[in-house]
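# Descriptive analysis of the structure
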Amino acid sequence: PDKLIVQTDEVKHGLIEYFGVNPKKIVKIPLGVTQSKSVVSGVREKLESRFHGKKIILYFGVVSPRKGQDIAIKAFEKAMINLPDHVLVITGKAPKDFKAYEEKIHQYVIDRKIQDRIIFTGFLEDSEVETLFEMCESALYLYQPMSGSTYALTFAIQYAKPVIVTELKIFHEI
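Position numbers for residues start from 1 in each chain and track the written sequence from start to end. A pLDDT threshold of at least 70 governs which residues receive local features in this predicted model, and a stricter bar of 80 or more applies before side-chain atom pairs are shown or counted, although totals over entire chains, interfaces and linings include all residues. In computing side-chain properties, one takes all heavy atoms of the structure into account and sets aside hydrogens as well as water.

### Quick notes on the side chain of Thr 91
For Thr 91, the position within the fold is in strand β4 (residues 86-91). Any pair of N or O atoms that falls within 3.5 Å is considered a polar contact. Within protein, one atom must be able to donate a hydrogen and the other to accept it, and sequence-neighbouring residues count only if both atoms are side-chain atoms. A distance of 3.4 Å separates a polar side-chain atom of Thr 91 from the backbone nitrogen of Gly 61. When checking whether two residues touch, look at their non-hydrogen atoms; a contact exists if any pair is within 4.5 Å. Beyond its immediate sequence surroundings of up to four residues, Thr 91 is in contact with Leu 58, Tyr 59, Phe 60, Gly 61, Val 63, Thr 121, Gly 122, Leu 124 and Leu 132. Strands here mean DSSP runs of E at least two residues long; helices mean DSSP runs of H or I at least four residues long; both are numbered from the N terminus.

Laid out in structure tokens, this is it:
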């Protein structure tokens, strides 16, 4: 190919170092953040009732071991006593390869009897995602090391939400 388009310096460096790609063939185009926000009528009320009127700490994205939802669950479980007005809302679903992981974290929450404080939404429609970001107080991204970019973080940026993220180069870059 004439050019390779990547979203981060990490991916660019990986292509150069591991695959010997000529740096002049690589163009970096970072993920953008849209300025438009569309909250659909009725969606907010539906979500508010689902989350018991509590403040939302949001964990948005694909359910996967490298995304660290298990870490967020265990951390929130320890912090729950100090956050009585909050719920941890985990959105998204796992691809086939990580269904066992998804089932494991669901079962952990059930076994601990904390499903009223840690809520899984599964897949959400765009209008629900946008409304949920409008509603949430903050967002978590406790990812394991990775070289790719994350579209999920750009939602929190778009909605100007405070985030807690792991110390990864990719997050600094975004």
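### A few points about the packing of helix α2 (residues 43-50) against helix α5 (residues 126-135)
Axis angle and axis distance: for two packed helices, these are the angle between their axes and the distance between the axes, and together they describe the pair. Helix axes are fitted to C-alpha atoms over the stretch in contact, other axes to C-alpha atoms as well, and angles between N-to-C directions run from 0 to 180 degrees. Where α2 meets α5, the axes come as close as 10 Å, and the angle between the chain directions of the two elements is 65 degrees. Here α2 runs over α5; the crossing is right-handed. Contacts between α2 and α5 involve Val 43, Arg 44, Lys 46, Leu 47 and Glu 48 from the first element and Ser 127, Glu 128, Thr 131, Leu 132, Glu 134 and Met 135 from the second. Among the residues making up the contact of α2 with α5, the classes are represented as four nonpolar, two polar and five charged. By the definition used in this description, the sense in which the near helix is turned from the far one sets the handedness, with an anticlockwise turn below a right angle giving left-handed and a clockwise turn giving right-handed. When residue character is reported, Ala, Val, Leu, Ile, Met, Phe, Trp, Tyr, Cys and Pro are called nonpolar, Asp, Glu, Lys and Arg charged, and the others, Gly included, polar.

### Considering the pairing of strand β6 (residues 138-141)
Each regular strand displays side chains that alternate between the two surfaces of the sheet. A 1.4 Å probe rolled over the protein chains alone gives each residue an accessible area, and that area as a share of the maximum for its type sets the label: buried under 20%, exposed over 50%, partly exposed in between. Side chains Ser 138 and Leu 140 project from β6 onto one buried face, and the interleaved Ala 139 and Tyr 141 project onto a second face that is buried too. One bridge is not enough; two strands pair if DSSP finds at least two bridges between them. Pairing of strand β3 (residues 55-59) with β6, which is carried by two bridges, proceeds in the parallel orientation. Across the sheet, the residue bridging to Leu 58 is Ala 139, located in β6. As judged from the three bridges shared by β6 and strand β7 (residues 163-165), these two strands associate in the parallel manner. Pairing of Leu 140 across the sheet is with Ile 164, part of β7.

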